[in-house]
Amino acid sequence: MTEDRLLGAVEAGGTKFRCAVVSPDLTIADSRYVLTTDPDTTLATVVEFFERSEPAAALGIASFGPVDLDPDSPGYGSITDTPKPGWPDAPILGRLSEALGVPAGIQTDVEAAAVAEQGLGPEPRPRRLAYVTVGTGIGAAVAVDGRPWRGRHHSELGHIPVRRAGGDDYPGCCPFHRDCLEGMACGPAIAERWGVDPPDAGGRDDIWQLEAAYLAQLVRVLAYSFAPDRVVFGGGVGAHPGLAETIRAAARTELAGYADYSTGDDRFVTAPALGNYSGLLGAALLARSLLHG
Ligand code: ZN
């Protein structure tokens, strides 16, 4: 029976791949980390994990980007123009689906995380949820009723322009736009501006207030573009304890009372309900959808 079959899930990240065999009720039965080195070695090690585990009936991949998600494109399922050495044009979906011989699908890591947070978080579940990851880079995606909202390409909301905070003369670190949101608020921007690595910045309210002021501008863009019920901040920097609450307060200032349907909703901006499992469980949901339609 379809319902008994195991699911394969891969969260493909720039520093590591998380691989898991997941039961139909989304319990992780087996998992391992694979360090991200060159594509051939990394993908071969992922295949080896699945070949040694109990067979999965379908595979879902939640990948770092940018990744080609156009099924009509010859590069479908491949990484596109990443600065990561060796990875431009790496055919993640093609290589894994061919080696494992099961139905396979791919989404971005933030799309998968958004779908998982929307569909698996505590009741009452929001129908429309935006997920933002803040770490080495910044990415965001919106899930509506179990599916990612997607245009011609996955969104690149980390690269929106932002209004510079008063007194902030940090030039920004985005190689393309310099002082876009990612250039001003990603983990490396914090480290370079303040000389403090984000994990060591626990007691520094000044750092997190400035961070929230920039990220609240993305909340405004999300609120006015997509009107989500909830905005979840995850990732190594985004899930910093207390940051979601600080962003929520800053977002109230940013929205300035105009079309602010979040007023009084203390869950409008939150940390992930699934901890750092959102992406992996989103990949499992994608695999499950390939079996169940
Ligand atoms: Zn940028």
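The structure this text deals with has already been given above.
Below is a short write-up of the structure. (Residues numbered from 1 in each chain as written. Predicted model: local features only at pLDDT ≥ 70, side-chain atom pairs only at ≥ 80, totals over all residues. Heavy atoms only, no water.)

Focus: the coordination of the zinc ion
Surrounding the zinc ion are the protein donor atoms His159 (ND1), Cys174 (SG), His177 (ND1) and Cys180 (SG), which sit 2.1 to 2.4 Å from the metal. On the primary sequence, the residues serving as donors to the zinc ion are separated as H-x14-C-x2-H-x2-C. In terms of burial, cysteine 174 and cysteine 180 fall into one category: buried. (Donors = N, O, S within 2.8 Å, 3.2 Å for Na, K, Ca; no water. Buried < 20%, exposed > 50% of the residue type's maximum accessible area, 1.4 Å probe, protein only.)

Digging into helix H8 (residues 278-292)
In this model, H8 (15 residues) spans 20 Å end to end at C-alpha, consistent with the 21 Å of a helix rising 1.5 Å per residue. Within H8, 11 of the 15 residues are buried, which leaves it mostly tucked inside the rest of the structure. Three or more residues of H8 are buried, namely Ser278, Gly279, Leu280, Leu281, Gly282, Ala283, Ala284, Leu285, Leu286, Ala287 and Leu291. (Helix = DSSP H or I, 4+ residues; strand = E, 2+ residues; numbered from the N terminus. Expected span 1.5 Å × (residues − 1).)

A closer look at the pairing of strand E4 (residues 56-63)
For E4, the buried fraction is high: eight of the eight residues fall into the buried class. Relative to E4, strand E1 (residues 6-12) is paired through seven bridges, and the arrangement is parallel. Paired with valine 10 across the two strands is isoleucine 61, which belongs to E4. Where E4 meets strand E5 (residues 104-108), five bridges bridge the pair, whose relative direction is parallel. Looking at E5, one finds that serine 63 is bridged to threonine 108. With respect to chirality, the unit in which E4 leads through helix H2 (residues 92-100) into the neighbouring parallel E5 is right-handed. (Pairing = 2+ DSSP bridges. Right-handed = clockwise from strand over helix to strand, strands pointing away.)

Observations regarding the side chain of glutamate 182
By the element assignment, glutamate 182 lies in helix H4 (residues 181-185). Sequence-distant contacts of glutamate 182, defined by excluding residues within four places in its chain, comprise Gly137, Ile138, Gly158, His159, Cys173 and Ala189. (Contact = heavy atoms within 4.5 Å.)

Some thoughts on the packing of helix H3 (residues 109-120) against H8
Relative to each other, H3 and H8 sit at 85°, their axes nearing to 7 Å. In terms of their interaxial angle, H3 and H8 are classed as roughly perpendicular. Along its contact with H3, which presents Asp109, Ala112, Ala113, Val115, Ala116, Glu117 and Leu120, the element H8 presents Ser278, Gly279, Leu281, Gly282, Ala283 and Leu285. For the contact of H3 with H8, the class distribution of residues is eight nonpolar, three polar and two charged. (Axes fitted to C-alpha atoms, helices over the stretch in contact; angles between N-to-C directions. Parallel < 35°, antiparallel > 145°, perpendicular 65-115°, else oblique. Nonpolar A, V, L, I, M, F, W, Y, C, P; charged D, E, K, R; others polar.)

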